[in-house]
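# Commentary on secondary and tertiary structure
Each chain is listed here by its residues.
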Amino acid sequence: MLSRGAAAALRGVLARKIAAEFGGMSKSEESFMVGVSVRDFVNFVKVDRGFLYEEYAPDERAEAYIENLMEAKPVALASMIDEWFTLWALKWRQRVKLAAKGDYDEEYAKRLEAAVKPFVELPLYAEARRFALGSLVKSGEVCFTDLLSEIVVKNAIYSMVSRGSSEEVKRALERNPLLLINEVTNRVKAMARFKGPLVALKLERVVFEDGGFWLY
């Protein structure tokens, strides 16, 4: 875990970059963006430095790496942040939009959560999310990485359950976990090809955009 001082320093760097790049935001909007960017940068480091699949505390390994760079090689860290932030800002503009009427399908969201609920405690669910995160970052999707990795996995499971019952899907995944990984892989590839927004923001709340995209 980042120390309080290191966390504040990282937030400060990203806040200045976000203010310079986007401007014209309220304090709450800026704080929200900074929070997203901090998580996204930690996730980027986790994937880029190979910590993602370490058995012990990959988040903590990534945060310790950032703090060590901050102390020992601040120029190298600044260069890493600059390069990553250029892509992150581009992806924010490409992937994030203000929600309009019809962007959030409450009935679909309820069906999605109900279908996925029996799976979220399975070890395979966490592994699929981790795999989705790594695949997204490696394909250049470095913005809203926690959210996108979760929704990729949820929609992959939802698609499978729509073709059979929860119990049938569970038994199939017990026999062959790669069925879910393959579904996630296909969705990440489709997401990387898609050039429009993936996340809709409404009243400082993140909502998932349907728009047909998630139903592949």
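What you see is a predicted model; the values in this text were computed from it and never measured.

## Section: the pattern of salt bridges
- Taken as a whole and assessed by the stated rule, the structure comprises 15 salt bridges.
- Residue Glu113 pairs with Lys154 through a salt bridge whose shortest N-O separation is 2.9 Å. On the criterion of sequence distance, the pair formed by Glu113 in helix α5 (residues 106-116) and Lys154 in helix α7 (residues 145-161) is long-range, its members being 41 residues apart.
- Taking relative accessible area as the criterion, Glu113 reaches 35% and is therefore assigned partly exposed.
- Judged by its relative accessible area of 7%, Lys154 falls in the buried class.

## A look at the side chain of Glu30
- With respect to the secondary-structure elements, Glu30 resides in helix α2 (residues 27-48).
- Notably, Glu30 is buried but unbridged: the nearest opposite-charge side chain belongs to Lys27, and the N-O separation is 4.9 Å.
- If we skip the residues at most four places from it in the chain, Glu30 touches Ala15, Ala19 and Met25.

## Examining the packing of aromatic side chains
- Within the structure shown, the criterion is met by 11 aromatic pairs.
- When the ring of Phe22 is compared with that of Trp92, the centres are 6.4 Å apart and the planes differ by 65 degrees; the resulting orientation is edge-to-face. Of this pair, Phe22 sits in the loop between α1 (4-21) and α2 while Trp92 sits in helix α4 (residues 74-95); the two residues are 70 residues apart in sequence, bridging distant segments of the chain.
- A relative accessible area of 9% means that Trp92 is categorised as buried.
- Measuring from centroid to centroid gives 6.3 Å for Phe32 and Phe144, while their planes differ by 45 degrees, and the two rings are tilted. Highlighted residues: Phe32 in helix α2 and Phe144 in the loop between α6 (123-138) and α7, separated in sequence by 112 residues.
- In this structure Phe32 comes out as partly exposed when scored by relative accessible area, which is 25%.

## Overview of the packing of α5 against α7
- Two elements in contact, α5 and α7, have axes whose closest approach is 9 Å; the angle formed by their N-to-C orientations is 80 degrees. Looking at the two axes, α5 sits roughly perpendicular to α7. Packed against α5, whose contacting residues are Tyr108, Arg111, Leu112, Glu113, Ala115 and Val116, the element α7 presents Ile151, Lys154, Asn155, Ile157, Tyr158 and Val161 at the interface.
- Here the residues of the contact of α5 with α7 are counted per class, giving eight nonpolar, one polar and three charged.

## Some remarks on the nonpolar core
- Ranked by internal contacts, the top residues of the largest apolar core, which has 64 residues, are Phe41, Trp88, Trp92, Phe144 and Leu180.
- Broken down by element, this core gets its largest block of residues, 10 residues, from α7.
- Beyond its immediate stretch of four places on either side in the chain, Phe41 contacts Leu10, Ile66, Leu77, Met80, Ile81 and Trp84.

## Notes on the environment of Glu67
- Mapped onto the secondary structure, Glu67 falls in helix α3 (residues 58-72).
- Its relative accessible area of 15% is what places Glu67 among the buried residues.
- Along the chain, Glu67 and Glu150 lie 83 residues apart, while their C-alpha atoms are 27 Å from each other.
- Apart from the residues within four sequence positions on either side, Glu67 is in contact with Met1, Leu2, Ser3 and Ala6.
- A distance of 2.8 Å separates a polar atom in the side chain of Glu67 from a polar atom in the side chain of Ser3.

## Some thoughts on α4
- Helix length check: α4, at 22 residues, gives a terminal C-alpha distance of 30 Å against a target of 32 Å (1.5 Å per residue), a fit within 8%.
- Within α4, burial applies to Leu77, Met80, Ile81, Trp84, Phe85, Trp88, Ala89, Lys91, Trp92 and Arg95.
- Those residues of α4 that are buried lie in contact with α1, α2, α3, β1 (96-98), α9 (178-193) and β2 (199-202).

## Some details on helix α8 (residues 166-175)
- Among the residues of α8, Val169, Ala172 and Leu173 are the ones counted as buried. What you see down the axis of α8 is that its buried residues fit within an arc of 95 degrees, all on one side. Exposed residues on α8 whose side chains face more than 90 degrees from its buried face are Glu174 and Arg175.
- In this fold, the buried residues of α8 make contact with α6, α7 and α9.

Cut-offs and rules
Residues numbered from 1 in each chain as written. Predicted model: local features only at pLDDT ≥ 70, side-chain atom pairs only at ≥ 80, totals over all residues. Heavy atoms only, no water. Salt bridge = Lys/Arg side-chain N within 4 Å of Asp/Glu carboxyl O. Helix = DSSP H or I, 4+ residues; strand = E, 2+ residues; numbered from the N terminus. Buried < 20%, exposed > 50% of the residue type's maximum accessible area, 1.4 Å probe, protein only. Lys, Arg positive; Asp, Glu negative; His and termini not counted. Contact = heavy atoms within 4.5 Å. Phe/Tyr/Trp six-rings, centres within 6.5 Å; stacked < 30°, edge-to-face > 60°. Axes fitted to C-alpha atoms, helices over the stretch in contact; angles between N-to-C directions. Parallel < 35°, antiparallel > 145°, perpendicular 65-115°, else oblique. Nonpolar A, V, L, I, M, F, W, Y, C, P; charged D, E, K, R; others polar. Core = buried A, V, L, I, M, F, W, Y, C linked by side-chain atoms within 4.5 Å. Polar contact = N/O pair within 3.5 Å; in protein donor to acceptor, adjacent residues only side chain to side chain. Expected span 1.5 Å × (residues − 1). Arc of directions from axis to C-beta.

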